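# Structural overview
Here's the letter readout for the chains.
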Amino acid sequence: MSDYSVLRDERVPLEDAYKKALETLGREASDIKCPDCKGRTIGSKENLGYYEHSGGQEVNGIKLWLYFRCPKCRYSWALWKVG
Ligand SMILES: [Zn+2]
């Protein structure tokens, strides 16, 4: 068990939310980086968190706020803020 965790809406499979995040960003996982940790890549599936939010991206009929959490600085980066 890692020493940090991300929020995930149990109704939406991680695989589906992750696909949506990459589509929304239009980038490969290796191009998603923490702005505060000198380019550390944070785009892996285990760093993705998501919860229901009216301003989010729709996945399987549910609007989700998607973010990547950096394992090092532990900041949760909204999609448009990732480096
Ligand atoms: Zn970081």
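Reference entry: report on the structure contained in this document.

The rules behind each value
Residues numbered from 1 in each chain as written. Predicted model: local features only at pLDDT ≥ 70, side-chain atom pairs only at ≥ 80, totals over all residues. Pairing = 2+ DSSP bridges. Helix = DSSP H or I, 4+ residues; strand = E, 2+ residues; numbered from the N terminus. Axes fitted to C-alpha atoms, helices over the stretch in contact; angles between N-to-C directions. Contact = placed C-beta atoms within 7 Å. Buried ≥ 20, exposed ≤ 12 C-beta atoms within 10 Å, placed from the backbone. Expected span 1.5 Å × (residues − 1). Arc of directions from axis to C-beta.

### Side note on the pairing of strand β2 (residues 62-69)
Direction of pairing for strand β1 (residues 48-59) relative to β2: antiparallel, over a ladder of 8 bridges. What sits directly across from Tyr 51, in β2, is Trp 65. Taking the residues that link successive antiparallel strands as the turn, the β1-β2 hairpin has 2 residues, and the phi of Asn 60 there is positive, at about 55°. Judged from the 3 bridges that link them, β2 and strand β3 (residues 76-78) form a sheet pairing that is antiparallel. Within β3, the residue paired with Phe 68 across the bridge is Trp 77. Here β2 folds back onto β3, and the loop between the two strands holds 6 residues, one of which, Arg 74, carries a positive phi near 65°.

### Focus: unusual backbone geometry
Excluding glycine, a negative phi dihedral is what most residues carry, and trans is how most peptide bonds are arranged. Even without being a glycine, Lys 38 presents a positive backbone phi close to 50°. Counting through the fold element by element, Lys 38 comes out in the loop between α1 (14-25) and β1. We note that Arg 74 has phi near 65°; this positive angle belongs to a residue other than glycine. Mapped onto the fold, Arg 74 is located in the loop between β2 and β3.

### Let's talk about the sheet that holds β1
Two modes of strand pairing occur in sheets, parallel and antiparallel, and in both the strands are linked by backbone hydrogen bonds. On the basis of which strands lie adjacent, the open sheet formed by 3 strands has the order β1-β2-β3 and antiparallel pairing. In this open sheet, the two strands that pair with only one neighbour each are β1 and β3. The sheet shows a mean angle of 45° between the axes of neighbouring strands, direction not considered. Contacting β1 and β2, α1 crosses the sheet at an angle of about 65° to β1.

### Comments concerning the environment of Arg 69
With respect to the helices and strands, Arg 69 occurs in strand β2. By the C-beta count within 10 Å, which is 19 here, Arg 69 ends up partly exposed.

### Brief notes about α1
For α1, built from 12 residues, the straight-helix expectation of 16 Å at 1.5 Å per residue is met to within 8% by its first-to-last C-alpha distance of 16 Å. For α1, the full list of buried residues reads Ala 17, Tyr 18, Lys 20 and Ala 21. Down the axis of α1, the sector holding all buried residues measures 160°, keeping them to one side. Opposite the buried face of α1, at more than 90 degrees from it, the exposed residues are Glu 15 and Glu 23. For α1, the elements touching its buried residues are β1 and β2. Once α1 ends, the next one or two residues include Gly 26, with phi positive near 65°.

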